[in-house]
Amino acid sequence: MRFTFAAWAVSRGLIVVAFLAASKHPLAGAGNWDGAWYGSIALHGYGYAHHGGQSDIAFFPLFPMLSSLLVRTGIGWPPAGVVVNNVAFFAGLFVLYAFARERWSATTARWCVAVACALPLSLFASVAYREGLYILSSALALWWTLRAKYLAGALAAAAASATAVTGLALAAALIADAIVRRRGARGVAVATLSLLGIIAFAAFCFVRFGDPVAFAHAQSGWRNAGFDAAAWLRVIESLRTWDGFLRNVMVVVLVPVAVIAIALQHRTLGSLLTVYGVLALALILFAGEPISADRIAYAVLPVLIAYGRALQRVPVAGVALLTASLALLTYDAVQFARFHWVA
């Protein structure tokens, strides 16, 4: 467990140094971009644009709900969101380590944690975003399911489905796992509880706005649904320039290439992780223009595990890649603190 703490401390330390160097108000910078939307929800509740435009109903509720509890104690925004996200990420790393160690080995667990900490998108597990909370809830769901604690796993997955849309993929994977492993009607019913988070959000949207899928309709303020081949082609072509490479390399690595990485390791990962990972990445691929695609994919644990296991096979190259990744993490933290778009 000391390795997990060290990996967290080193990577979070780089982010702190980057924010201090880049901004006169580093803590305020932690609430940039989507952090402002989450802050509005935590402070004032939801609104909804019925006729197009961007709306905060597109953001799932559990993270701003937990943050609002801290706000009520007198902690302002974005500090409240930063606390919730960092505490959840810290705990999630230990759950990820325990899950990987129990499923494979301590060596695999260390590589998975190293990937989770070093990837540039881990920035969003420390600012006022939801990623740390999603990693914790989904890691608990997978770990408890592995240990045959199916009710606890389903409830953790319900928390994940109230945190991010990829929680739907996790819920579907848990239900499919219960069916394939023939756990009976009761087992399938327990797995179905993993949908409670998004069902509750849909019920809220219906009562408040008369539209149970308002959170999906609100996405049109950012992008149109469906696979945007032209946008993905632009992303790939942008890698030919240095600026484009820095901006989009993780989009390619964490979405289309990650599908291949998971498929190649499907026997080792097992059906639950494989189905969850592929479904989650499919949701991202078919969500329209790949805005924030790398950030959303980063929190999908099968992606982190697949890359952790891959780097474990080539440790020298793995250390070099993770070192370069930490440099990119520091660069992205500086950019984010200066209110430049990162993901």
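This write-up is about the structure you can find in this document. (Residues numbered from 1 in each chain as written. Predicted model: local features only at pLDDT ≥ 70, side-chain atom pairs only at ≥ 80, totals over all residues. Heavy atoms only, no water.)

1. Notes on the overall build of the protein chain
The secondary structure content of the protein chain amounts to 20 helices and zero strands. Here the C-alpha radius of gyration of the protein chain, 19 Å, is about what a compact globule of 343 residues would show, namely 20 Å. On the principal axes, the C-alpha backbone points of the protein chain span a range of 60 × 55 × 45 Å. Across the 343 residues of the protein chain, 54% fall into the buried class. (Helix = DSSP H or I, 4+ residues; strand = E, 2+ residues; numbered from the N terminus. Rg over C-alpha atoms; globule rule 2.2 N^0.38 Å. Buried < 20%, exposed > 50% of the residue type's maximum accessible area, 1.4 Å probe, protein only.)

2. Points about the environment of Arg182
Within the element layout of this structure, Arg182 appears in the loop between helix H9 (167–180) and helix H10 (184–192). Placed 174 residues apart in sequence, Arg182 and Trp8 show a C-alpha to C-alpha distance of 39 Å.

3. What about the packing of aromatic side chains?
This structure, assessed with the given rule, holds 26 aromatic pairs. Ring centres of Trp33 and Trp341 lie 5.2 Å apart, and the angle between their planes is 85°; this geometry places the pair in the edge-to-face category. Taken together, the positions of Trp33 in the loop between helix H2 (26–29) and helix H3 (34–44) and Trp341 in the segment after helix H20 (315–337) put the pair 308 residues apart, joining distant regions of the chain. Given the relative accessible area of 39%, Trp341 is considered partly exposed. When the ring of Phe124 is compared with that of Tyr129, the centres are 4.9 Å apart and the planes differ by 55°; the resulting orientation is tilted. You can call Phe124 buried: its relative accessible area is 0%. Members of the aromatic cluster, connected to one another through ring pairs, are Phe19, Trp37, Tyr38, Phe59, Phe63, Trp77, Phe124, Tyr129, Trp222 and Phe336. (Phe/Tyr/Trp six-rings, centres within 6.5 Å; stacked < 30°, edge-to-face > 60°.)

4. Some remarks on the side chain of Asp34
Along the chain, Asp34 turns up in helix H3. For Asp34, a relative accessible area of 10% puts it in the buried group. Non-local contacts of Asp34, meaning those with residues more than four positions away in its chain, are made with Phe59, Tyr129 and Arg295. (Contact = heavy atoms within 4.5 Å.)

5. A few points about the packing of helix H13 (residues 229–238) against helix H14 (residues 242–254)
Between H13 and H14, the least distance of the axes is 8 Å, while the angle of their chain directions is 125°. In terms of orientation, H13 lies oblique with respect to H14. H14 is crossed by H13, and the crossing has left-handed handedness. For the pair formed by H13 and H14, the contact residues are Trp232, Val235, Ile236 and Ser238 on the first element and Gly244, Phe245, Arg247, Asn248, Val251 and Val252 on the second. Tallied by class, residues from the contact of H13 with H14 come to six nonpolar, three polar and one charged. (Axes fitted to C-alpha atoms, helices over the stretch in contact; angles between N-to-C directions. Parallel < 35°, antiparallel > 145°, perpendicular 65-115°, else oblique. Left-handed = near helix turned anticlockwise from the far one by under 90°. Nonpolar A, V, L, I, M, F, W, Y, C, P; charged D, E, K, R; others polar.)

6. Considering unusual backbone geometry
Glycine aside, a negative phi is what most residues show, and trans is what most peptide bonds show. The omega torsion across Trp77 and Pro78 is 10°, close enough to zero to call that bond cis. Of note in this structure, Trp33 is not a glycine but carries a positive phi near 55°. The class for Trp33 is partly exposed, based on a relative accessible area of 28%. Positive phi, normally seen in glycine, also occurs at Ser292, with a value near 65°. In this structure, Ser292 sits in the loop between helix H17 (271–285) and helix H18 (293–298). Classification of Ser292 by relative accessible area gives buried; the value is 6%.

7. Some remarks on the state of the cysteines
Each disulfide consists of a covalent bond between the sulfur atoms of two cysteine residues. Considering all chains together, one arrives at zero disulfides under this definition. Among the cysteines around Cys117, which has no disulfide bond, Cys112 carries the closest sulfur, lying 11 Å off. Given the relative accessible area of 1%, Cys117 is considered buried. (Disulfide = S-S within 2.5 Å.)

8. So, helix H19 (residues 301–313)
Compared with the 18 Å implied by 1.5 Å per residue over 13 residues, the 19 Å span of H19 between its first and last C-alpha is a close match. In terms of burial, H19 is largely enclosed, as ten of its 13 residues are buried. By the burial criterion, the buried members of H19 are Leu301, Pro302, Val303, Leu304, Ile305, Ala306, Tyr307, Gly308, Arg309 and Leu311. (Expected span 1.5 Å × (residues − 1).)

9. What to know about a nonpolar patch on the surface
Judged by side-chain polarity, Leu151, Leu155, Leu196 and Ile199 come together as a nonpolar surface patch covering roughly 360 Å² of accessible area. Mapped onto the nonpolar patch, the elements with two or more residues apiece are helix H8 (150–161) and helix H11 (196–209). Relative to the helices and strands, Leu196 resides in helix H11. (Patch = residues over 30% accessible without salt bridge, like charges linked within 9 Å, V, L, I, M, F, W, Y side chains within 5 Å. Areas by Shrake-Rupley, 256 points an atom, 1.4 Å probe, with all protein chains shown as cover. Salt bridge = Lys/Arg side-chain N within 4 Å of Asp/Glu carboxyl O.)

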